[in-house]
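# Topology and contacts: notes
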Amino acid sequence: MGKRKRLSDPNAPNTVLPQKKHYRQRAHANPFSDHSLDYPTSPQALDWDEHYPAFSGTGRSPEFADIGCGFGGLLIALAPLFPDTLMLGMEIRVQVSQYVKDRIAALRITSAVPSSPTPSPYQNVSIVRANAMKFLPNFFPKHSLSALFFLFPDPHFKSRKHKARIISPTLLAEYAYVLRPGGIIYTITDVRDLHEWMKSHIEVFQLFESISEDELRQEGKGAILDAVYTSTEEGKKVERNGGEKWLACFKRIEPTRKAITGF
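An account of the accompanying structure is given in this report. From a predicted model like this one, the values you see are computed outputs, not experimental measurements.

## What to know about the nonpolar core
If you look at the biggest cluster of nonpolar residues, it comprises 38 residues, and the most contacted ones within it are Ile67, Met90, Phe140, Leu148, Tyr175 and Phe208. At the level of secondary structure, the elements contributing two or more residues to this core comprise strand 3 (64-67), strand 4 (87-91), helix 3 (132-139), strand 6 (145-151), helix 4 (169-178), strand 7 (179-189), helix 5 (192-203) and strand 9 (246-252). Among all residues touching methionine 90, those that are not within four sequence positions of it are Asp66, Ile67, Gly68, Cys69, Val128, Ala130, Ala132, Leu136, Phe139 and Phe140. In terms of nonpolar packing, the next biggest core, distinct from the first, is built from 33 residues, Phe71, Leu74, Ile76 and Met87 among them.

## Some remarks on the side chain of asparagine 124
Position of asparagine 124 among the secondary structure elements: in the loop between helix 2 (94-110) and strand 5 (125-129). At a separation of 2.8 Å, a polar atom in the side chain of asparagine 124 contacts the main-chain carbonyl oxygen of phenylalanine 82. Discounting chain neighbours no more than four positions away, the residues touching asparagine 124 are Tyr52, Phe55, Ala79, Phe82, Pro83, Thr85, Leu86 and Met87.

## With respect to the pairing of strand 5
When you tally the buried positions in strand 5, you get 4 out of 5 residues, the bulk of the element. Looking at chain direction, strand 4 and strand 5 are connected through 5 bridges and run parallel. Bridge pairing in strand 5 links glutamate 91 to arginine 129.

## So, the packing of aromatic side chains
Considering all chains together, one arrives at 8 aromatic pairs under this definition. An angle of 40 degrees between the planes, with centres 6.1 Å apart, marks the rings of tryptophan 48 and tyrosine 52 as tilted. Assessed through its relative accessible area of 1%, tyrosine 52 is described here as buried. Note on phenylalanine 71 and tyrosine 99: the rings are 5.3 Å apart at their centroids and 75 degrees apart in plane angle, and the pair reads as edge-to-face. Residue phenylalanine 71 is found in the loop between strand 3 and helix 1 (73-78), and its partner tyrosine 99 is found in helix 2; the two are separated by 28 residues along the sequence. Members of the aromatic cluster, joined through ring pairs, are Phe64, Phe82, Phe149 and Tyr186. Over the ring of tryptophan 197 we find arginine 165, and its NZ or CZ is 4.9 Å from the ring centre.

## Thoughts on the packing of helix 3 against helix 4
Between helix 3 and helix 4, whose axes approach to 10 Å, the crossing angle comes to 20 degrees. With respect to each other, helix 3 and helix 4 are oriented roughly parallel. As helix 3 runs across helix 4, the sense of the crossing is left-handed. Contacts between helix 3 and helix 4 involve Ala132, Met133, Leu136 and Pro137 on the former and, on the latter, Leu171, Glu174, Tyr175 and Val178. Residue composition of the contact of helix 3 with helix 4, by class: 7 nonpolar, no polar and 1 charged.

## Focus: the environment of glycine 72
The residue glycine 72 is located in the loop between strand 3 and helix 1 in this model. Given the relative accessible area of 0%, glycine 72 is considered buried. Between the C-alpha atoms of glycine 72 and serine 231, which are 159 residues apart in sequence, the distance is 8.8 Å.

## Brief notes about the layout of surface pockets
Taken as a whole, the second largest pocket spans an internal volume of roughly 450 Å³. Lining the second largest pocket are 18 residues, with His51, Lys101, Ser126, Ile127 and Val128 positioned closest to its centre. Broken down by secondary-structure element, the contributors of at least two residues to the lining of the second largest pocket are helix 2 and strand 5. By residue number, the principal contributor to the lining of the second largest pocket is helix 2, which donates 6 residues. Looking at side-chain class alone, the lining of the second largest pocket contains 9 nonpolar, 4 polar and 5 charged residues.

## A short note on the pattern of salt bridges
Across all of its chains, the model carries 11 salt bridges by this definition. Across the salt bridge formed by arginine 93 and glutamate 91, the nearest N and O atoms sit 2.7 Å from each other. On the basis of relative accessible area, arginine 93 is assigned to the buried category, the value being 12%. The exposure class assigned to glutamate 91 is buried, which follows from its relative accessible area of 3%. For aspartate 226, the salt bridge identified is with arginine 217, shortest N-O distance 3.0 Å.

## Digging into the sheet that holds strand 9
Picture the strands of a sheet paired through backbone hydrogen bonds; they go either parallel or antiparallel. Reading across from one edge, 5-4-3-6-7-9-8 is the order of the 7 strands in this open sheet, with mixed pairing throughout. Of all the strands in the sheet, the pair left with one neighbour each is strand 5 and strand 8 (208-211). Neighbouring strand axes in the sheet, compared pairwise and without regard to direction, differ in orientation by 20 degrees on average. Here strand 8 pairs with strand 9 via 4 bridges, running antiparallel. Across the sheet, the residue bridging to serine 210 is phenylalanine 250, located in strand 9. Docked against the sheet, helix 3 engages strand 3, strand 4 and strand 5, running at close to 150 degrees with respect to strand 4.

Conventions adopted
- Residues numbered from 1 in each chain as written.
- Predicted model: local features only at pLDDT ≥ 70, side-chain atom pairs only at ≥ 80, totals over all residues.
- Heavy atoms only, no water.
- Core = buried A, V, L, I, M, F, W, Y, C linked by side-chain atoms within 4.5 Å.
- Buried < 20%, exposed > 50% of the residue type's maximum accessible area, 1.4 Å probe, protein only.
- Helix = DSSP H or I, 4+ residues; strand = E, 2+ residues; numbered from the N terminus.
- Contact = heavy atoms within 4.5 Å.
- Polar contact = N/O pair within 3.5 Å; in protein donor to acceptor, adjacent residues only side chain to side chain.
- Pairing = 2+ DSSP bridges.
- Phe/Tyr/Trp six-rings, centres within 6.5 Å; stacked < 30°, edge-to-face > 60°.
- Lys NZ or Arg CZ within 6 Å of the ring centre and 35° of its normal.
- Axes fitted to C-alpha atoms, helices over the stretch in contact; angles between N-to-C directions.
- Parallel < 35°, antiparallel > 145°, perpendicular 65-115°, else oblique.
- Left-handed = near helix turned anticlockwise from the far one by under 90°.
- Nonpolar A, V, L, I, M, F, W, Y, C, P; charged D, E, K, R; others polar.
- 1 Å grid on protein atoms, 1.4 Å probe; cavity = no way out; pocket = protein on both sides within 12 Å on 5 of 7 lines; lining within 4 Å.
- Points joined across faces, edges and corners; volume = space filled by probe spheres on them.
- Salt bridge = Lys/Arg side-chain N within 4 Å of Asp/Glu carboxyl O.

Below you can see the structure in the form of C-alpha cells.
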C-alpha cells in the first residue's frame, strides 16, 4: 500500500497517519455492480461494540450516518463536536473505506488524553464498507437515526443512469424508515441539476418536509451545516475552483391520517 507519514506526536511515537495518495482509486463506483461485501442479516446481528469500544456495553447504535462518506471529512469534523453521538460512514470503495478506517484508528490514539475519565475524541466515529442503496436497513433499526448525510453524491449525468442516483422514491422509503421523526436529511452538491432532482423527489414524498438553513441554525444545528459546507474533500475542491454549492435539507415527519388516506 506504500509508505505512510509518521506522526510527530510525542505521545504516540509509533502511530502513523495515513495519506490519501496511497489509497486513491476511481472517484465513483457502480452501485449496481456485484461487489464483494459482508453485511449483517439484520441490525440485531451487528456488534457495535467492535466499532465503538469506548461505548462497549451501552447498547447504543449510530445516530448519524454519512452515505458515501468518501475520505471521511464530515465524520472527522463532527466527531469532536458531538462526542456522545455515535456516527457511521458508509463507503463502497475498498481503498477509500480503508483510508477512513486507518485514519480513525490513528486519530483515536493521537487524541487520547492519559488518565482522562471521558473517551478520547473520535471514539464515537466508525466506518463500514457497504452499498447503502442495497443494504441500508440491514444496518440501522427503524427510527434509529437523527441525521442522514448525502454530500456531493455521484450526479450520474446521463438520463439512463438516473436510476443509480442515491435519491429516488424507492430509497426515500428506506431513509424514512431508518430516520426518526424530527430527523434531518442533509443534501449538498455543486451540480444544479442534481440539486433540483433531489429536492423535487424529496419534497413530494409525504414523510419529509423542507426545512430552511435559517430554521436549522435556529435549532442549534449550525455546526453541522458548517461541516456539511466545508469539511469534505469535494466541498473543498468546489471552493478552490470558485464553484457554487446547493444545499437542501428535509425533516422526517409523521403525516396526519388525512394526508395518508385522503379522509
